[in-house]
Structures are given as C-alpha cells and as structure tokens.
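Structural features, examined
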Amino acid sequence: MTAPPPADAPIAVGVAPPPGERAYRRRITTEIWIVLGLSLGKSGLYAVVNIIDRLTAGPPLGDQTTTLNPSRSPRPWLDLTYQLLQVGFALVPVALALYLLSANGKSAVRRIGLEFTRPWRDLAVGVGLAAAIGIPGLGLYAVARTLGLAVEVQAAALNAAWWTIPVLLLAALQNALLEEVIVVGYLMERLRELRWSAPAIVVTSALVRGSYHLYQGWGAFVGNVIMGLLFAEYYRRKRRVMPLVMAHTIMDTVVFVGYSLIPAAWIAAIGLN
C-alpha cells in the first residue's frame, strides 16, 4: 500500500490528464502542416502555381528560363547583405524542426543523425550518393531539355565580387540543410510517429521534394522524386541525415560554383545558360 503524502505537500489542482492517442496524432499532424507551410511545403505550392503559369504563358516550356541564385542589387555590399539574409532566414525552419524534434529533452541532431561522429564515413557515403544522383541527373536534364520538358536553368547570376564563391557555397549548404533536415529527417520522423507504413513515408518524402522543383519543369520533378526515393530509403535504413546533407551540398556546389568552370560548349549542350 502506498504511503499517504505529507500533510504539507502541495495539492495538484486542475492538472490535465495526458493527451490521448487521437489528440496526440492531431497535434503532430497540425505541427507537420505548420512546419511545411513555413518552409518547403510553401515552396511546393508556389512551384505548382509557377508550372501552371509557365504552361499557360504562351512560349513552350523549353524556351523559358529560370535563375537559381540571382543577384538582388547592383550595389555589391547590398547584394551581399541580401544574400546573407536569404541564407539566414531560410535556415529558421530548420532550427524550428530541430527544436520540435528535441521535445522531452531528446537531442534532435542525434535523433536524425546530423552530428559529426563519423565524418569520413559520412563524406564517403555523401560523395557516392552525389555521384549516383548527380551524373544521371545531368543526363536526365539534357534529355528533358531536348524533349522540351524542362526550362533553361541559369545556375548562378551573381555579380562578380570577392564574396561570390563563398556565398554560393553557403547557398549550397543552406539548401542541403533545409531540404534534408525537413523533408527527410523531420518529416520522416513525424510520419513514423503517426505510424505510417514505410513505403508511404518514403514516397511522401520524395513527392514533397519533387513538388518544390516543379518550377524547373517536369524533368526536374521526376529527377528529384528519384533522388528523394533514394535519400529517404537511405535514411529509413540508416537513420542518418548527415551523409545526405553532404551529398546535397556537393551536388549544389558543383552546379553553383563548378558550373562557371565548365566550357561554354558543354554548358550549351546540356541546356544550361
């Protein structure tokens, strides 16, 4: 028999009982919509509207262009300021997702494998994933451009300055953290808590990834869905997002920075401006 509490012990008044299963699932579902609405879900909806706009604008999709890293001011110091603000605020949803995953004292970075506990192994996996996705991806883009299913992509249009390459590197890292932490780590963890099946989780993560690339055309959508399936399945098996961040950073670095080193004839051949 349990001993009665001391006479001077505080009495719990109005303490709510723990939430039931249905209330917990409803809360997690609402949280997912909020996080996506502040980040890549919003980008996905804009991309859907954008592709509708492109398809109904008049010129064929293959004759249209898009710029990934545009200059935001002709004055270099203002352009740099805008670029850094863009990178900084884009990472706020990442901080929010990690904060939400760290409830009850858990470490979010350990939970999704974002820590640097095995850097060389993660880097090796990242390089392998980048090669497995990036090289066929260029071929897919070239085919999509030939078929008129992708817009012409200008990888970077920043004014030449001492900070151009560092900012492009930061942009590559920002994209990697935003996409892999939210669309893979956060989303897959939350859907697993909602007891979705493994195939449904992997496919959902991949479709979300493809959605916010639709503004580049159907080729980019298909390519990123394939990338999403591979990345999501890797995370499902290994529960580590760091190799995915490294792979994504490598691929974007090659596109953003290495693009300027590629001979003009090669760039024209694959439809890059």
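Please refer to the structure placed before this passage.
Read on for an overview of the structure.

Rules used throughout
- Within each chain, residue numbers correspond to sequence positions counted from 1 in written order.
- Local features in this predicted model are restricted to residues of pLDDT 70 or higher, and side-chain atom pairs are both shown and tallied only at a pLDDT of 80 or more, whereas totals for entire chains, interfaces and linings draw on every residue.
- Heavy atoms from the whole structure form the basis of all side-chain values; hydrogens and water molecules are not counted.
- Elements are defined by DSSP. Helices are runs of H or I of four residues or more, strands are runs of E of two residues or more, and each kind is numbered from the N terminus.
- In this analysis, two residues are considered to be in contact whenever any of their non-hydrogen atoms come within 4.5 Å of each other.
- For every accessible area listed, the method is Shrake-Rupley and the probe measures 1.4 Å; residues are considered covered only by the protein chains on display.
- Basic side-chain nitrogens of Lys or Arg form a salt bridge, by our definition, when they fall within 4 Å of a carboxyl oxygen of Asp or Glu.
- Three exposure classes are used, based on accessible area relative to the maximum for each residue type with a 1.4 Å probe and protein chains only: buried under 20%, partly exposed in between, and exposed over 50%.
- Surface patches are defined over residues having more than 30% relative accessible area and no salt bridge, joining like charges when they lie within 9 Å and nonpolar side chains (Val, Leu, Ile, Met, Phe, Trp, Tyr) when within 5 Å.
- Axes here mean lines fitted to C-alpha atoms, for a helix over just the part in contact, with angles spanning 0 to 180 degrees between N-to-C directions.
- Oblique is the label for any angle not under 35 degrees, not over 145, and not in the 65 to 115 range, which are roughly parallel, roughly antiparallel and roughly perpendicular in turn.
- Helix crossings get a hand from a simple test, with the near helix turned counterclockwise from the far one by less than a right angle marking a left-handed crossing and a clockwise turn marking a right-handed one.
- The classification used treats Ala, Val, Leu, Ile, Met, Phe, Trp, Tyr, Cys and Pro as nonpolar, Asp, Glu, Lys and Arg as charged, and all other residues, Gly among them, as polar.
- In a helix, the anticipated span is given by 1.5 Å times the number of residues less one.
- Here the bend at each residue means the angle between axes fitted to two seven-residue stretches, the one ending at that residue and the one beginning there.

Re the overall build of the protein chain
Tallying secondary structure elements over the protein chain gives eleven helices and two strands in all. Counting helices and strands in the order they occur from the N terminus, the protein chain gives α-α-β-α-α-α-α-β-α-α-α-α-α. Considering only intrachain contacts with a sequence separation of at least 6, the fraction spanning at least 24 residues in the protein chain is 77%. For the protein chain, the accessible surface area stands at approximately 15100 Å², while carbon and sulfur atoms represent 68% of it.

As for the pattern of salt bridges
Note on pairing: side chains with opposite charge can pair once their charged atoms come close. Applying the stated criterion to the full structure yields 14 salt bridges. A salt bridge links Glu-31 to Arg-27, with the shortest nitrogen-to-oxygen separation between them at 3.4 Å. Here Glu-31 pairs with Arg-27, and both are found in helix H1 (residues 21–37), just four residues apart, close to one helical turn. Given the relative accessible area of 7%, Glu-31 is considered buried. For Glu-233, the salt bridge is made with Arg-237, and the minimal N-O distance between the two is 2.7 Å. Of the two residues, Glu-233 and Arg-237 are both situated in helix H9 (residues 218–238); the distance of four residues between them amounts to about one turn of the helix.

Looking at a nonpolar patch on the surface
A cluster of nonpolar side chains, Leu-55, Val-143, Leu-147, Leu-149 and Trp-218, forms an exposed patch at the surface whose accessible area comes to about 470 Å². Mapping Leu-147 onto the fold places it in the loop between helix H6 (119–146) and strand E2 (152–154).

A look at the packing of helix H8 (residues 198–211) against H9
It is at 7 Å that the axes of H8 and H9 come closest, and there the two elements cross at 140°. In terms of orientation, H8 and H9 fall into the oblique class. Along this stretch, H8 crosses H9, giving a crossing that reads as right-handed. Contacts between H8 and H9 pair Ala-198, Val-202, Val-203, Ser-205, Ala-206, Leu-207, Arg-209, Gly-210 and Ser-211 from the former with Phe-221, Asn-224, Val-225, Met-227, Gly-228, Leu-229, Phe-231, Ala-232, Glu-233 and Arg-236 from the latter. Within the contact of H8 with H9, the residues separate by chemical class into eleven nonpolar, five polar and three charged.

Some words on H6
With 28 residues, H6 should reach 40 Å at 1.5 Å per residue; the first-to-last C-alpha distance of 39 Å fits that figure. Of all the residues in H6, the buried ones are Asp-122, Gly-126, Leu-129, Ala-130, Ile-133, Tyr-141, Ala-142, Ala-144 and Arg-145. Residues of H6 that are buried make contact with E2, H9 and helix H10 (242–256). In the stretch just after H6, Gly-148 is the one whose phi turns positive, near 75°.

Some details on helix H7 (residues 164–193)
The end-to-end C-alpha distance of H7, which contains 30 residues, comes to 42 Å, matching closely the 44 Å that a straight helix rising 1.5 Å per residue would cover. The largest bend in H7 amounts to roughly 35° and is located at Val-181. Counting buried residues along H7, 24 of its 30 residues qualify, which places the element largely inside the surrounding structure. Positive backbone phi, approximately 65°, marks Arg-195, located one or two places after H7.

The values reported here are purely geometric and, on their own, carry no functional implication.
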